[in-house]
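Geometric and topological summary
Here is what each chain is made of, one letter per residue.
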Amino acid sequence: MMSSTNTVELIESLHQLNQELLSFSEQLLKSTLPFWLPGETARNLKEASNLYTDIWYRDGQDGRTTISQHGIIGADPELIEATLRLNRAKSGFQELTTHYRVSQSAEILQELHRRSETIAALLHRHGASRIHLKQCYRQIPVFDTCPSRIGFSWYTSGRSIRKLTPKEAEEKLLKMDTSQPHIQLQLQAVGQLRPGDMLAQVQNQVPVMRANPVWKQKDHTLRKAQNTSLPIIIALNSDNPTLPAYNEPPLVPPEARSRLERSDLKIDPQPFLPSIRAHRYRG
C-alpha cells in the first residue's frame, strides 16, 4: 500500500511531466523549420504535437499498443532543450511508477487521472479514460547534430525466444486446465522428451519502424540504428538549414519476415506445445 507521501511524490512527478509536455508543445508549434510527416496520424506540427503529448488511452485502444508514427522534424536550440527536458521528466516518472508498481494498482491510476484532469484538458484529451503508461514512458528520439542521411525501414523479424527445459514446460502446462484433452495431449508429448532436450518459447513482436541515421565526418562515418515510434527531432542551424536526405518506406509493414533465421536458431515453425507457444529446435 502506498503512503500519502509516496502518492504526493508520484502526483508531483506527473505534474512535472505534464508541464514539460506543455512546454515542448509550445516550442514545437512555434517552429518554422522544415519537417517531414508521412501517414495519417500526424501530417502537420499541430497533429505531431497531439501525438507527442498523448499520454491517455483512446476509447477502444488495445492496452498493449501505442499510437506511433515515424517522421523528421527540424528543431532550433530551444526545441532541442525542451525535448531533452521532457525526456528527463519521462524517465523520472517511469522510475517512480516502476518503484511503486503503479501498473498493478487500479486505485493509483484512477487517482493520477483525477488529479491531472485539468492538465489533460489543456492537452485536448477530453474524455480520456485513463493514463497510458507506455506512452508516458517512451522517449522522443532527438539528435543534437544533423545526420547526413536517415534510412527508414520496417523491422518485421522481431521476436523474443526463451529456452525451456521439459520440466519448465510441464510446470507451465500443469497451471492450465489439465482436464482439457488438448492439455493432456501436450503433457504426454512433453513427457516423452529427454531431460537434456530444450524447447523454444517464441513470442512474435509487432513490426516496428527502424531509423538508420548516418553522420559523415572528415575521417570516419558514424552509424546508429534505433527503433522509432515517434518523429525524430533533429537540430538544424545556419550550417545545416535543411532536413537530411531520407527514404520513404511504405506506410504499412510487409507481412513476410524480412530476414532469414540465424543458422544457430533454427526452430521448427510448427508449435510442439501450442498452448505455451513452445517449439522444438531442428536437428
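Let me sum up the structure you'll find in this document.

The rules behind each value
- Residue positions within a chain follow its written sequence, with the count starting from 1.
- In view of the model being predicted, local features appear only for residues whose pLDDT reaches at least 70, and side-chain atom pairs are presented and counted only at 80 or more, with totals across whole chains, interfaces and linings using the full set of residues.
- To obtain the side-chain values, all non-hydrogen atoms of the structure were included, while hydrogens and water were left out.
- Starting at the N terminus, helices and strands are each numbered in turn, a helix being any DSSP run of H or I of at least four residues and a strand any DSSP run of E of at least two.
- Note on classification: 1.4 Å probe, protein chains only; a residue is buried when its accessible area is under 20% of the maximum for its type, exposed when over 50%, partly exposed between these limits.
- The contact rule is simple, with two residues in contact once any of their heavy atoms fall within 4.5 Å.
- Calculation of accessible area relied on Shrake-Rupley with a 1.4 Å probe; when residues are assessed, cover is drawn exclusively from the protein chains displayed.
- We define a nonpolar core as any set of buried Ala, Val, Leu, Ile, Met, Phe, Trp, Tyr and Cys residues linked to one another through side-chain atoms lying within 4.5 Å.
- Grid points spaced at 1 Å over the protein atoms alone were grouped into cavities, where a 1.4 Å probe fits but cannot get out, and pockets, open sets with protein on both sides within 12 Å along at least five of seven lines, with lining residues defined by an atom within 4 Å of a point.
- Grid points are joined across faces, edges and corners, and a volume is the space filled by probe spheres set on the points.
- Lys, Arg, Asp and Glu make up the charged group, whereas Ala, Val, Leu, Ile, Met, Phe, Trp, Tyr, Cys and Pro make up the nonpolar group; the residues left over, Gly among them, are polar.
- Only when DSSP finds a minimum of two bridges between them are two strands counted as paired.
- Where helices are involved, their axes are fitted lines through C-alpha atoms of the stretch in contact, as for all axes, and angles between N-to-C directions lie from 0 to 180°.
- In this scheme, roughly parallel covers angles under 35 degrees and roughly antiparallel covers those over 145, while 65 to 115 is roughly perpendicular and the rest are oblique.
- Handedness of a crossing is defined here by the sense of rotation of the near helix relative to the far one, left-handed for an anticlockwise turn of less than a right angle and right-handed for a clockwise turn.
- For this document, the term salt bridge refers to a Lys or Arg side-chain nitrogen within 4 Å of an Asp or Glu carboxyl oxygen.
- Think of it this way: a Phe, Tyr or Trp ring, Trp meaning its six-membered ring, pairs with another when their centres are within 6.5 Å, and the plane angle makes it stacked under 30 degrees, edge-to-face over 60, tilted otherwise.
- Our definition puts a charge over a ring when NZ of Lys or CZ of Arg is within 6 Å of the ring centre and also within 35 degrees of the ring normal.

1. Quick notes on the overall build of the chain
Across its full length, the chain carries eight helices and twelve strands. Burial statistics for the chain: of 283 residues in total, 41% are counted as buried. Within the chain, contacts between residues at least 6 apart in sequence are counted, and of these 80% link residues at least 24 apart. With an accessible surface of roughly 16,300 Å², the chain has 49% of that area assigned to carbon and sulfur atoms.

2. Some points on the nonpolar core
Of all hydrophobic cores here, the largest spans 31 residues; its most connected members are Leu17, Phe24, Leu28, Tyr52, Ile73, Phe93 and Ile233. Of all the secondary structure elements, the ones that give two or more residues to this core are helix H1 (4-30), helix H2 (45-52), strand E2 (72-75), helix H3 (77-99), helix H6 (133-137) and strand E10 (232-235). Setting aside chain neighbours within four positions, we find leucine 17 in contact with Leu86, Ala89, Lys90, Phe93 and Cys136. Counting 14 residues, the second largest nonpolar core, distinct from the first, contains Met209, Ala211, Trp215 and Leu236.

3. Some remarks on the layout of surface pockets
Taken as a whole, the largest pocket spans an internal volume of roughly 940 Å³. Where the lining of the largest pocket is concerned, the elements lending two or more residues are strand E7 (208-216) and strand E9 (226-227). Looking at side-chain class alone, the lining of the largest pocket contains eleven nonpolar, twelve polar and four charged residues.

4. Some points on the sheet that holds strand E1 (residues 35-36)
Read across the open sheet, the four strands follow the order E1-E2-E10-E3; overall the sheet is mixed. Strand pairing shows two members of the sheet lacking a second neighbour, E1 and strand E3 (142-143), which therefore form its edges. Both E2 and E10 contribute to a ladder of four bridges, which runs parallel. When the sheet's bridge partners are listed, isoleucine 73 is paired in E10 with isoleucine 233. Of the strands in this sheet, E1, E2 and E10 are in contact with H2, which crosses E2 at around 100 degrees.

5. Some details on the packing of helix H7 (residues 166-174) against helix H8 (residues 181-191)
Two numbers describe how H7 lies on H8: the axes approach to 10 Å, and their chain directions differ by 165 degrees. Taken together, H7 and H8 sit at an angle that is classed as roughly antiparallel. In this structure, H7 meets H8 at a crossing whose hand is left-handed. Only Ile183, Gln186, Leu187 and Val190 of H8 make contact with H7, whose side of the interface consists of Pro166, Ala169, Glu170, Leu173 and Leu174. A class-by-class count of the residues in the contact of H7 with H8 yields seven nonpolar, one polar and one charged.

6. Focus on the pattern of salt bridges
All told, the structure shown has seven salt bridges when counted by the stated rule. A salt bridge links arginine 88 to glutamate 81, with the shortest nitrogen-to-oxygen separation between them at 3.4 Å. Judged by its relative accessible area of 35%, glutamate 81 is partly exposed. The partner of glutamate 171 in a salt bridge is lysine 167, with the nearest N and O atoms 3.5 Å apart. Of this pair, glutamate 171 and lysine 167 both sit in helix H7, four residues apart, roughly one helical turn. Residue glutamate 171 is classed as partly exposed on the basis of its relative accessible area, which comes to 38%. Classification of lysine 167 as exposed rests on a relative accessible area of 55%.

7. Focus: the sheet that holds strand E6 (residues 199-204)
Reading across from one edge, E5-E6-E12 is the order of the three strands in this open sheet, with antiparallel pairing throughout. Since the sheet does not close on itself, it has two edges, and those belong to strand E5 (159-164) and strand E12 (278-280), each with one partner. The average undirected angle you get between the axes of adjacent strands in this sheet is 35 degrees. Sheet topology places E5 next to E6; six bridges connect them, and they run antiparallel. Paired with leucine 164 across the two strands is leucine 199, which belongs to E6. Running over the sheet, H7 touches E5 and E6 and is turned about 105 degrees from E5.

8. Some thoughts on the packing of aromatic side chains
Enumeration according to the criterion identifies five aromatic pairs in this entry. Ring centres of tryptophan 36 and phenylalanine 152 lie 5.5 Å apart, and the angle between their planes is 50 degrees; this geometry places the pair in the tilted category. Separated by 116 residues along the polypeptide, tryptophan 36 in strand E1 and phenylalanine 152 in strand E4 (residues 149-155) bring together distant segments of the chain. The buried category is assigned to phenylalanine 152, whose relative accessible area is 3%. Among the aromatic side chains, those forming a connected cluster through ring pairs are Trp36, Phe152 and Tyr246. Geometry around phenylalanine 272 places arginine 280 over its ring, the cationic atom sitting 5.0 Å from the centre.

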